[in-house]
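# Reading the structure
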Amino acid sequence: MREGRVVKGVQFRNHRDVGDIVELATRYCAEGADELVFYDITASPDGRSVDRSWVSRVAAVLDIPFCVAGGIRSIDSAEEVLNKGADKISINTPALQNPGLITDLARRFGSQCVVVGVDSQQINDQYVVFQNTGDPNKTSAASYQTLDWVREAVDRGAGELVINCMNRDGVRSGYDCAQLQAVRAVCTVPIIASGGAGSMQHFAEVFATANVDGALAASVFHSAAISIPELKNFLLQAGVDIRPAESRTENLGV
Amino acid sequence: MSTKVAIIDSGGANIASLVYALERIGKTAELTRDAAVIRAAEKVILPGVGAARDAMQRLRDAQLIDVIRSLKQPVLGVCLGMQLLADASEEEDVDCLGIIPGTVGKLSADAEHPVPNMGWCEVTGLRETHLLDDIGEQSYFYFVHSYALPVSEHTLATAMHSEPFTAITGHGNFLAAQFHPERSADAGSRLLRNFLYNRR
C-alpha cells in the first residue's frame, strides 16, 4: 500500500500501481484467500503513521482475517487499527527500535493479534535483520541476527512471525526454504513464509520442507500468474492441509 | 424481520468485524453495556478477544455478570466470549460465568501445533443443532486462541489441535463458538444467519 493504492515492487524497489485496495481485497477474498496482509511501505521510513481511513472500508467487505502493517509504533496506533476492524497488527522497524513495544502490545491486546514482521537476508553465512525496508535509500541492517531476533520477539509475546526473505522478494525463484527451516527450528508460534513465490510448486515446497503455517505471496496473485482456487486444489492434491477453495456466492458486500 | 440484536461491549478488539459481518447479512446490532437493552434484545452476542481475567473484570465493572446469567433468549458466545461462559479458565485461574459446564485449559504446543492456534481448522463431529443448518461436516472456520474448552457432553462440534477441543458448544439457550464466525467466510456467515434468523 502506498497512499491508499496497492503497489508492488521487486526486492523492495520500483513499485508500480496494481489497483484499488477494496477492489483487490474483495477479489482475493472471493477467490478463496485465507488471509490478507496490507503493508503501508511508506510509513516507517517517513517517520509517520499509516493513513487508516481505508481499514474500515476493508473491514466492512472482508469476511476473512486481515492484518495491517506499517508505522504502528504505539499502543494507541495499534488500538486504532484494531478498533477499525483489523484482526492483527504487524510491526517491523518500530519493534527493532523499541523491542518493548512487542511486550506492551501483547499485554494489552493479546499475543494473537501481535505479528512481528522480519525482513531478513543472508550476509556471509549469517541471516541478518533489515529495517526501514519500505524505502531503498533508508534500508539498513539492524543490529540483530535473524534467529536471535526471532527468539526475542517470541519471548516478548509475538503471536506470529512473517519471515520475509528479502533476496527472494518479487523475483519468483521460490521461497528461501533453508532460512525458513532455520527459523522454524527456534520458534513455536505460527510462521508465515514470505518472498519468492513464483509457481504453485514453490508453495508445495515451502509447506513440505519448512513446515510453515502459511505462505504469503503478492506478485503472482497481483499479476494473475497463479489463481488462488487452482493453487489450493494443487496443494490439497500435494497433501497440504488447507481450507479448500469454496465457490463464494454470498456475503461479499459488492 | 427485525430481530433486535445486542452485542455486549466486552471491550475486545473484534467487535467492529462482528458488527460488519451482521450488516452484511442484513442485521443492525446495538453494541451496548446497558442491562436493559441486553435484557430486551431477542438475540444476544457475547464477543471477546484478549485475556479472560480482564474481560471478566470489565463485565463485573459494568454489572453484567448476573444480567448475562439470567438471560433467557438465545445467546451466542464468540471466541473469548465462549470461554467466559464456562465455569472457569486456567488462564490466570479465573472464575468465569459458570453457564456452560467445563474449565477452559491451555492448548499444548509442539512442533506440529504452534500456540496460539491461528488459522483455518476443520470442524468435525457435528451434532444436531440449528446453528449448523446447511453447514457440512469438514467445514473450515478461522480460529485464534491459546486456550480451549475440552470436549464434553455439551460439545456440538469438535476441532483438532494437539488434542481435540470444543469448537461449538451449547447448553440451554446459550450457544458458543471458539472460532470467529465473522472472519470465517461463507461457513461463518451461515452460522451467524442460523443464529440470528432462526426462530428457535
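Residues numbered from 1 in each chain as written. Chains lettered and ligands numbered in written order. Predicted model: local features only at pLDDT ≥ 70, side-chain atom pairs only at ≥ 80, totals over all residues. Heavy atoms only, no water.

## What to know about helix α1 (residues 15–24) of chain B
Residues spaced three or four apart along an α-helix point in a common direction, a consequence of the helix completing one turn every 3.6 residues. Of all the 10 residues making up α1 of chain B, eight are buried; the element is thus mostly covered by neighbouring parts of the structure. Those residues of α1 of chain B lying buried are Ile-15, Ala-16, Ser-17, Leu-18, Tyr-20, Ala-21, Leu-22 and Arg-24 of chain B. If you follow the buried residues of α1 of chain B, they end up packed against α2 (53–61) and α3 (75–83) of chain A together with β1 (5–8), β2 (29–32), β3 (43–46) and α6 (185–197) of chain B. Gly-26 of chain B, located one to two residues past α1 of chain B, shows a positive phi value of around 80°. (Buried < 20%, exposed > 50% of the residue type's maximum accessible area, 1.4 Å probe, protein only. Helix = DSSP H or I, 4+ residues; strand = E, 2+ residues; numbered from the N terminus. Contact = heavy atoms within 4.5 Å.)

## Considering the packing of aromatic side chains
Applying the stated rule across the entire model yields 10 aromatic pairs over all chains. When the centroid spacing of 5.7 Å and the interplanar angle of 80° are considered together, the rings of Tyr-175 of chain A and Phe-203 of chain A count as edge-to-face. With Tyr-175 of chain A in the loop between β9 (160–165) and α7 (177–184) and Phe-203 of chain A in helix α8 (residues 200–210), the pair connects residues that are 28 residues apart, well separated along the chain. Accessibility expressed as a relative area gives 3% for Tyr-175 of chain A, which makes it buried. Looking at Phe-203 of chain A, the relative accessible area reads 2%, which means it is buried. Note on Phe-143 of chain B and Phe-179 of chain B: the rings are 5.4 Å apart at their centroids and 75° apart in plane angle, and the pair reads as edge-to-face. With a gap of 36 residues between them, Phe-143 of chain B in strand β9 (residues 139–145) and Phe-179 of chain B in the loop between β13 (174–177) and α6 connect regions that are remote in the sequence. Exposure class is identical for Phe-143 of chain B and Phe-179 of chain B. Each is buried. (Phe/Tyr/Trp six-rings, centres within 6.5 Å; stacked < 30°, edge-to-face > 60°.)

## Some thoughts on the pairing of strand β5 (residues 88–91) of chain A
Residue and element names in this part refer to chain A. The two faces of β5 match: Lys-88 and Ser-90 on one face and Ile-89 and Ile-91 on the other face are all buried. Relative to β5, strand β4 (residues 66–69) is paired through three bridges, and the arrangement is parallel. Residue pairing across strands places Cys-67 opposite Lys-88, the latter belonging to β5. Of the crossover connections in this fold, the one passing from β4 over α3 to the parallel β5 is right-handed. (Pairing = 2+ DSSP bridges. Right-handed = clockwise from strand over helix to strand, strands pointing away.)

## Re the sheet that holds β3 of chain B
Residue and element names in this part refer to chain B. Pairing is mixed in the open sheet, where nine strands are placed in the order β2-β1-β3-β4-β13-β12-β11-β8-β9. A single partner strand is all that each edge strand has here, and the edge strands are β2 and β9. On average, adjacent strands in this sheet sit at an angle of 30° to one another, irrespective of strand direction. Pairing of strand β11 (residues 155–160) with strand β12 (residues 164–171), which is carried by five bridges, proceeds in the antiparallel orientation. Following the sheet pairing, Thr-158 is matched in β12 by Thr-166. The strands touched by α6 within the sheet are β1, β3, β4 (75–78), β8 (117–124), β9, β12 and β13, with β3 carrying the most contacts at an inclination of about 135°. (Axes fitted to C-alpha atoms, helices over the stretch in contact; angles between N-to-C directions.)

## Considerations on the nonpolar core
By size, the foremost hydrophobic cluster in this structure holds 81 residues, and its most contacted members are Phe-38, Leu-62, Phe-66, Leu-161 and Phe-203 of chain A. The leading source of residues in this core is helix α1 (residues 21–31) of chain A, at six residues. Setting aside anything within four residues of it in sequence, one finds Leu-161 of chain A in contact with Val-116, Val-150, Ala-153, Val-154, Cys-187, Val-189, Pro-190, Ile-191 and Ile-192 of chain A. Formed by 35 residues, the second largest nonpolar core is a distinct cluster that contains Leu-18, Ile-25, Leu-156 and Ala-157 of chain B. (Core = buried A, V, L, I, M, F, W, Y, C linked by side-chain atoms within 4.5 Å.)

## Topic: unusual backbone geometry
Residue Pro-116 of chain B is reached from Val-115 of chain B by a cis peptide bond, and omega for that bond is 5°. Positionally, Pro-116 of chain B belongs in the loop between β7 (100–106) and β8. The phi angle at Asn-124 of chain A is positive, at roughly 45°, despite the residue not being glycine. Positionally, Asn-124 of chain A belongs in the loop between β6 (114–123) and β7 (126–131). Positive phi, close to 50°, is recorded for Ala-185 of chain B, a residue that is not glycine. We classify Ala-185 of chain B as buried; its relative accessible area is 0%.

## Description of α6 of chain B
Residues and elements named next belong to chain B. With 13 residues, α6 extends 18 Å between its outermost C-alpha atoms, agreeing within 8% with the 18 Å of an ideal straight helix rising 1.5 Å per residue. Across the 13 residues of α6, 10 count as buried, placing the element largely inside the fold. Taken together, the buried positions of α6 are occupied by Ala-185, Asp-186, Ala-187, Gly-188, Ser-189, Leu-191, Leu-192, Asn-194, Phe-195 and Leu-196. (Expected span 1.5 Å × (residues − 1).)

## Some points on a negative patch on the surface
Residues and elements named next belong to chain B. Taken together, the side chains of Asp-54, Asp-87, Glu-90, Glu-92, Asp-93 and Asp-95 make up a negatively charged region of the molecular surface. Relative to the helices and strands, Asp-54 resides in helix α3 (residues 52–61). For Asp-54, a relative accessible area of 39% translates into the label partly exposed. (Patch = residues over 30% accessible without salt bridge, like charges linked within 9 Å, V, L, I, M, F, W, Y side chains within 5 Å. Areas by Shrake-Rupley, 256 points an atom, 1.4 Å probe, with all protein chains shown as cover. Salt bridge = Lys/Arg side-chain N within 4 Å of Asp/Glu carboxyl O. Lys, Arg positive; Asp, Glu negative; His and termini not counted. Charge placed at Lys NZ, Arg CZ, Asp CG, Glu CD.)

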